[in-house]
Amino acid sequence: MVRRLGLTGNEAIAYAVKQCDVGLVSAYPITPQTIIVERISDYVANGEIDTEFVCVESEHSALSACIGASLTGLRVFTATASQGLALMHEVLYATSGLRCPIVMAVANRALSAPLNIHGDHSDMMGSRDCGWIQIFAENVQEAYDWTIQSFKIAEHPDVQLPVAVNIDGFTLTHCLEDIEVLEKEDVEKFLPPRKPIYRIDPEKPMTFGAWAMPEYYYKFKLQQQEAMENSIKVFKQVADEYGKLTGRNYGVIQSYGLEGSKVAIMALGSTCGTLRHVAKILRETKGLKVGVIKLWLYRPIPEDDFISTVENVETLIVLDRALSPGAVFGPLGSDVASMIVKRNLDFRLLNYTYGLGGDEVSMDLADKLLRLAVKVAEGVKPTSLTGYLREVV
Amino acid sequence: MSKYDVVMGAIIPKPRSSIENKTGGWRTRKPVIDVQKCVNCLICWIYCPDTSIIRLEKYVAVNYDYCKGCGICAEECPRKAITMVEEG
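Notes on the structure follow.

Calculation criteria
Along each chain, residue indices are assigned from 1 in the same order as the chain's sequence is written. The lettering of chains begins at A and the numbering of ligands begins at 1, in the order of writing. This being a predicted model, a pLDDT of at least 70 is required before a residue's local features are given, and a value of 80 or more before pairs of side-chain atoms are given or counted; all residues contribute to the totals for chains, interfaces and linings. Note that the side-chain values use all heavy atoms of the structure and ignore hydrogens as well as water. Among buried residues, the Ala, Val, Leu, Ile, Met, Phe, Trp, Tyr and Cys ones that are joined through side-chain atoms within 4.5 Å form a nonpolar core. The cut-offs for exposure are 20% and 50% of the maximum accessible area for each residue type, with area from a 1.4 Å probe on protein chains only; residues under the lower value are buried, those over the upper are exposed, and the others partly exposed. Domain limits in this description derive from either an automatic procedure or a database domain assignment. Pairs of residues are marked as contacts when any of their non-hydrogen atoms sit within 4.5 Å. Any two strands with at least two DSSP bridges between them are considered paired. Numbering of helices and strands starts at the N terminus; helices are DSSP runs of H or I of at least 4 residues and strands are runs of E of at least 2. Between N-to-C directions, angles span 0 to 180 degrees; the directions come from axes that are lines fitted to C-alpha atoms, helices contributing only their stretch in contact. The path from the first strand over the helix to the second decides the hand: if it runs clockwise while the strands point away from the viewer, the crossover is right-handed.

**Focus on the nonpolar core**
Residues and elements named next belong to chain A.
And step 1. Among the nonpolar cores identified, the biggest contains 105 residues, and Phe77, Tyr144, Phe306 and Leu316 are the most heavily contacted of them.
And step 2. When residues of this core are sorted by domain, at least three fall in each of domain 1 (3–246) and domain 2 (254–392).
And step 3. The contact partners of Leu316, leaving out residues within four places of it in the chain, are Ala264, Ile265, Met266, Ile293, Phe306, Val336, Phe347, Arg348, Leu349 and Leu350.
And step 4. Listed in part, the 26 residues of the second largest apolar core include Val263, Ile265, Tyr352 and Tyr354.

Encoded structure:
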């Protein structure tokens, strides 16, 4: 039976964690993530879940506590945002290097200065190379679904890597949506208890966190990279299984309206919903055909799936919700450019930054962008191939 | 299966492997104990960061397999019974 609940993105993630038999949560409050761990602490205080909740003095300590717990073999969750993720930075690398399958929700928020609590992807992009699998959810339903799937992906023997589930600050964290949730028994069947390969056990002493000399260090890092590559296959298997259970089919990449269209917009997260909605209106009312491509999986970048998705695309506008000062392209734009060069593809690539510090893409702005995309596809030269969306359309 | 012959996450699944890994070769100066001056107070034994001071019945000795030659023992010895001598 399908059960529906009205939940915000934060509440939906807390609800998913409640159903996943998590052994330990350690976190430090930060807007716009706080409600996730507040709800989890409610569940713990009410005796609804048997999870250890560890209060700490900073995000650096939160993730450090999570690593210790994860090494004992527990299933571990934490959540953060913005400055909190920045403060965790060095511990993020330790988590992936020690191969701890921790799941963390990142409520994407701008970085200071100036102080701003609203949404953008600067926080996650600043830690892009930390060795975590990075998923971007588009809406509250996806936030719930990806949290459950993330534990299964992270804990798979061929992966053993941490996963960050990204949700746009306020747009998803604080907006109420009517979502479908699973019954606890179904989650238990889908996600059996964690089976750690190695764990801290006083009866069987082992060394964790050893150092590695130059002749070994690169091997550990390349083995980590190998696990990242393995994760794409596991990711798809888990998504298929979850699709059979829920009827909601996920994958590494989602596209809309690419049939009969030679131009597309590509982005991450909640903006994709707005883009798809406006693309549908323009298609139905004006006959303008613009495709929308969304990456669910940002790290590892699903190269093969991207290439097959853009097979018929001639013009692609990639949107980045993070500024890379002094660079030619933003992070996602650079990723796409590198895949195009590697595969020797020939198409026009534009890369605009947008949405910094909560400067949301309205339907009006999306409409202007899509009309610009159509014109560029028809051969009209754009004012600029890069720049800030609001200023270039 | 990984194509790299290392254990995931640099974990060492077997205990006491550090014993096989002798670190005395890092040393440039070695502590030499004057057993005539040593009163077996064990200040050096407490301070040694590499547990390389060996307790004998009437005085102490140095385990040169693991002593890295930091010189803390010589600095702390209240009887000035330990001298740092250049290796080689």
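**A few points about the sheet that holds strand 14 (residues 348–353) of chain A**
Residue and element names in this part refer to chain A.
And step 1. Read from one edge to the other, the open sheet built from six strands follows the order 9-11-10-13-14-15, with strand pairing classed as mixed. Each edge of the sheet is formed by a strand with only one pairing partner; in this case those strands are strand 9 (253–256) and strand 15 (386–388). For this sheet, the mean angle separating the axes of adjacent strands, direction not counted, is 20°.
And step 2. Here strand 13 (residues 315–320) pairs with strand 14 via six bridges, running parallel.

**Here we look at the pairing of strand 3 (residues 52–55) of chain A**
Residues and elements named next belong to chain A.
And step 1. Strand direction decides the pairing type here: strand 2 (residues 24–27) and strand 3, joined by four bridges, are parallel. By the bridge assignment, Leu24 is partnered in strand 3 with Glu52.
And step 2. After leaving strand 2, the chain enters helix 2 (residues 34–45) and then returns to the sheet as strand 3, a path that is right-handed.

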